[in-house]
Amino acid sequence: MGARIVPPLAPDDLERAWRRDALEEVILVDDQDRALGSAGKIDAHRQGQLHRAFSILVFNAADELLIQRRADAKYHFAARWSNTCCGHPRPGEATVQAAGRRLKEEFGIRVPLTERSQLVYRAEDLSSGLIEHEYLHVFYGVHAGDPRPDPTEIGAWRWMSIPTIRRALRRNPAWFTPWFGLLMGRLFPQ
């Protein structure tokens, strides 16, 4: 099955998404994931500060991964393909709860999540000038059925097998977010 395109956004929806991102705070951490304080999400990405984050990989019964093309309106790495969902816990919020919250907000689904890995990475988005520098918690889940994506977050989505994703990453790495390539290489080595 090919990608399913999410209907375009109205200008008011874009404005609401930008305001939401501007108000969000992230948890600043050291290289052992110990909390050091908090910062505005956009400021942390401007300055490349290390902060706590998560990525979610949701599979179906056929062992295909649900991937998304980030919405054109995303503040960084817009319109690139990536893992099911990613985000940041808010100050005082447990990471697994934040992951469940974001999965519901972005894709309209709830699934039990299990943490499988952690890694630290840094990636610069040359288009926006923002820097991802994250202590990343990686969660897995399983879902049957189609998601209901939020168009302020997701431009398109599809289920895809791991071998097909590996081939696409090798042939067209610029189509994907940098962290997705890192996750695939670490979690599904050839």
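The structure under discussion appears in the preceding block.
Residues numbered from 1 in each chain as written. Predicted model: local features only at pLDDT ≥ 70, side-chain atom pairs only at ≥ 80, totals over all residues. Heavy atoms only, no water.

Visitor: What's the story with the layout of surface pockets in this structure? I'm lost.
Guide: Remark: the empty space left among the atoms is shown by a probe the size of a water molecule rolled over them. Estimates place the volume of the largest pocket at around 350 Å³. Along the walls of the largest pocket sit 28 residues, with Lys41, Cys86, Gly87, Arg102 and Glu106 positioned nearest its centre. In terms of residue count, the dominant contributor to the lining of the largest pocket is helix α3 (residues 95-107) (4 residues). Across the lining of the largest pocket, the residue classes tally to 7 nonpolar, 5 polar and 16 charged. (1 Å grid on protein atoms, 1.4 Å probe; cavity = no way out; pocket = protein on both sides within 12 Å on 5 of 7 lines; lining within 4 Å. Points joined across faces, edges and corners; volume = space filled by probe spheres on them. Helix = DSSP H or I, 4+ residues; strand = E, 2+ residues; numbered from the N terminus. Nonpolar A, V, L, I, M, F, W, Y, C, P; charged D, E, K, R; others polar.)

Visitor: What should I look at first to understand the pairing of strand β5 (residues 65-70) in this one?
Guide: Side-chain direction in a regular strand flips from residue to residue, so the side chains alternate between the two faces of the sheet. Summarising burial for β5: 5 of the 6 residues are buried, a large majority. Sheet analysis places β5 next to strand β6 (residues 81-82), joined by 2 bridges and oriented antiparallel. Following the sheet pairing, Arg69 is matched in β6 by Trp81. (Buried < 20%, exposed > 50% of the residue type's maximum accessible area, 1.4 Å probe, protein only. Pairing = 2+ DSSP bridges.)

Visitor: I keep staring at the pairing of strand β9 (residues 131-142) and nothing clicks. Help me out?
Guide: Most of β9 is tucked away: 11 of the 12 residues are buried. As paired strands, strand β4 (residues 51-59) and β9 are joined by 9 bridges and run parallel to one another. Among the inter-strand pairings, Leu57 is bridged to a residue of β9, identified as Tyr140. Note that strand β8 (residues 114-124) and β9 share 10 bridges and pair antiparallel. The residue of β9 that forms the bridge with Glu124 is Ile131. Hairpin connection from β8 to β9: 6 residues lie between these consecutive antiparallel strands, with Gly129 at a positive phi of about 80°.

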